[in-house]
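Listed below, chain by chain, are the residues.
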Amino acid sequence: MSLIAREFKTHLFKHHINQAQQRMFSQANHHKSDRQFQKIGTVAYKLSLPSNITIHPTFHVSLLKPYYKVPDNITHPPVMDITSPYYPTPKSILDRRMIKNGNKAIAQVLVQWEQMPGDQTTWEDYHVLKTRFPAFLP
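All values reported here derive from a predicted model rather than from experimental measurement.

A. Region of interest: the sheet that holds strand β5 (residues 104-113). Spatially, three strands are ordered β4-β5-β6 in an open sheet, and the strand pairing comes out antiparallel. Each edge of the sheet is formed by a strand with only one pairing partner; in this case those strands are β4 (90-101) and β6 (122-125). In this sheet, adjacent strand axes meet at a mean angle of 35 degrees when their direction is disregarded.

B. A look at the pattern of salt bridges. Per the counting criterion, the structure on display carries one salt bridge. Between K69 and D72 there is a salt bridge whose closest N-O contact spans 3.9 Å. As far as burial versus exposure is concerned, K69 and D72 are alike and both exposed.

C. Spatial organisation of the side chain of Q108. Tracing the backbone shows Q108 in strand β5. By relative accessible area, Q108 is classed as buried at 9%. Here the side chain of Q108 touches R97 through a polar contact of 2.7 Å, side chain to side chain. A polar side-chain atom of Q108 sits 2.9 Å from a polar atom in the side chain of D125.

D. Molecular detail of the environment of A44. Of note, A44 is situated in strand β2 (residues 44-47). A44 sits in the buried class, given a relative accessible area of 16%. The spatial distance from the C-alpha of A44 to the C-alpha of T121 is 48 Å, given a sequence separation of 77 residues. Other than its neighbours up to four places away in sequence, A44 contacts Q38, K39, T58, F59, H60 and V61.

E. Representation of a nonpolar patch on the surface within the structure. A cluster of nonpolar side chains, contributed by F37, V43, V61 and L64, occupies part of the molecular surface with about 290 Å² of accessible area. With respect to the secondary-structure elements, F37 resides in strand β1 (residues 37-40).

F. Layout of the side chain of Q112. With respect to the helices and strands, Q112 occurs in strand β5. Those residues in contact with Q112, other than ones at most four positions away along the chain, are P90, K91, S92, L94, P117, G118 and T121.

Rules behind the numbers
- Residues numbered from 1 in each chain as written.
- Predicted model: local features only at pLDDT ≥ 70, side-chain atom pairs only at ≥ 80, totals over all residues.
- Heavy atoms only, no water.
- Pairing = 2+ DSSP bridges.
- Helix = DSSP H or I, 4+ residues; strand = E, 2+ residues; numbered from the N terminus.
- Axes fitted to C-alpha atoms, helices over the stretch in contact; angles between N-to-C directions.
- Salt bridge = Lys/Arg side-chain N within 4 Å of Asp/Glu carboxyl O.
- Buried < 20%, exposed > 50% of the residue type's maximum accessible area, 1.4 Å probe, protein only.
- Polar contact = N/O pair within 3.5 Å; in protein donor to acceptor, adjacent residues only side chain to side chain.
- Contact = heavy atoms within 4.5 Å.
- Patch = residues over 30% accessible without salt bridge, like charges linked within 9 Å, V, L, I, M, F, W, Y side chains within 5 Å.
- Areas by Shrake-Rupley, 256 points an atom, 1.4 Å probe, with all protein chains shown as cover.

Purely geometric stuff here, so don't read any function into it on its own.
Okay, here's the thing in structure tokens:
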């Protein structure tokens, strides 16, 4: 299988995974409904429930969980394999950082690539970048 075919299959696989994630989010949130709370005192809230629900509508704050909105659309950065011969060459280094990988600290650089839009910069391991592009001097 050629490298281009493998990259195409990888992108196709990621596209289908993204669609499956979107379906799972919509199915998981399908049964949820908006609830209204009314604060009663300093540690209790009264929940507005339908009249056919027979539970007590007042809850202590320790029983409540914070609400986190799940984004409607999840975007992933472009995936590029640095060992690919079709990989663009680095244009400049915009930033540096150190990340922890197990017990080691690894230097990473934010790379602006030739022939790529300015918003498609990527974090790359400095050692891998220097090995792959030895003529590039940041």
